Amino acid sequence: MIRLILALFALSAPAVALAANDVSLTSAMFVEKSVPQTGGPAKVTLEQPKSVPPGARLFFVLSYRNQGKTPATNFTVTNPMPNGVAFDSTADPGASYSVDGGKIWGSLTTLRVPAGASSRSALPEDVTHIRWVLKSPIPVGGTGKLSFRGFVK
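If you're wondering where the values come from, they're calculated on a predicted model, not measured in any experiment.

## Focus on the nonpolar core
Part 1: Counting residues in hydrophobic clusters, the biggest one holds 30 residues, and the most contacted among them are Leu58, Phe87, Tyr97, Val127, Ile130 and Trp132.
Part 2: Elements supplying a minimum of two residues to this core: strand S2 (23-37), strand S4 (57-66), strand S6 (85-87), strand S7 (95-98), strand S10 (129-133) and strand S11 (143-152).
Part 3: No other element matches S4, which puts 4 residues into this core.
Part 4: If we ignore the near neighbours within four places in the chain, the residues touching Phe87 are Met81, Tyr97, Leu108, Pro124, Glu125, Val127, Ile130, Phe148, Arg149, Gly150 and Phe151.

Structure, rendered in structure tokens:
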């Protein structure tokens, strides 16, 4: 299962919408582990995946760096959800979502999906793509990270 998820994540690598900017983009996936603590709440750690059974919580990090000679403006990152992974319900207020393969974008609370002859409100597991549009320019040499959570179906 781990090889399948890793291969699917590699195939669904984020797409940079505007190639005019010279911004590099890398992605990483971690498994969230809950480690019991004596006399207190469990500590959540991020680990390199060794196994990812159904229900495993995943944390995806997209790191970017402006390698250009000018600030990068209107920078957009679109990331498809890897097959076999459902979006976690923790929505990022800076992101927009699609439940139809990237045709319509919005907040998760405003999106709808077909349900028979009508439609229903979208659920986190309906998310097919996540998109971030950075409003501020990325300065020369500037870096940042975007992230989202999911779980193995």
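Right, picking up where we left off after that structure.
## Focus on the packing of aromatic side chains
Part 1: In the structure shown here, the tally under the stated rule is 4 aromatic pairs.
Part 2: With centroids separated by 5.2 Å and ring planes inclined at 50 degrees, the aromatic side chains of Phe87 and Tyr97 adopt a geometry described as tilted. Of this pair, Phe87 sits in strand S6 while Tyr97 sits in strand S7; the two residues are 10 residues apart in sequence, bridging distant segments of the chain. Just as Phe87 is buried, Tyr97 falls in that class too.
Part 3: Note on Trp132 and Phe148: the rings are 6.3 Å apart at their centroids and 40 degrees apart in plane angle, and the pair reads as tilted. Linking Trp132 in strand S10 with Phe148 in strand S11, this pair joins segments that are 16 residues apart in sequence. Taken as a pair, Trp132 and Phe148 share a single burial class, namely buried.
Part 4: Chaining the aromatic ring pairs together yields one cluster made of Phe60, Trp132 and Phe148.

So, how was this worked out
Residues numbered from 1 in each chain as written. Predicted model: local features only at pLDDT ≥ 70, side-chain atom pairs only at ≥ 80, totals over all residues. Heavy atoms only, no water. Core = buried A, V, L, I, M, F, W, Y, C linked by side-chain atoms within 4.5 Å. Buried < 20%, exposed > 50% of the residue type's maximum accessible area, 1.4 Å probe, protein only. Helix = DSSP H or I, 4+ residues; strand = E, 2+ residues; numbered from the N terminus. Contact = heavy atoms within 4.5 Å. Phe/Tyr/Trp six-rings, centres within 6.5 Å; stacked < 30°, edge-to-face > 60°.

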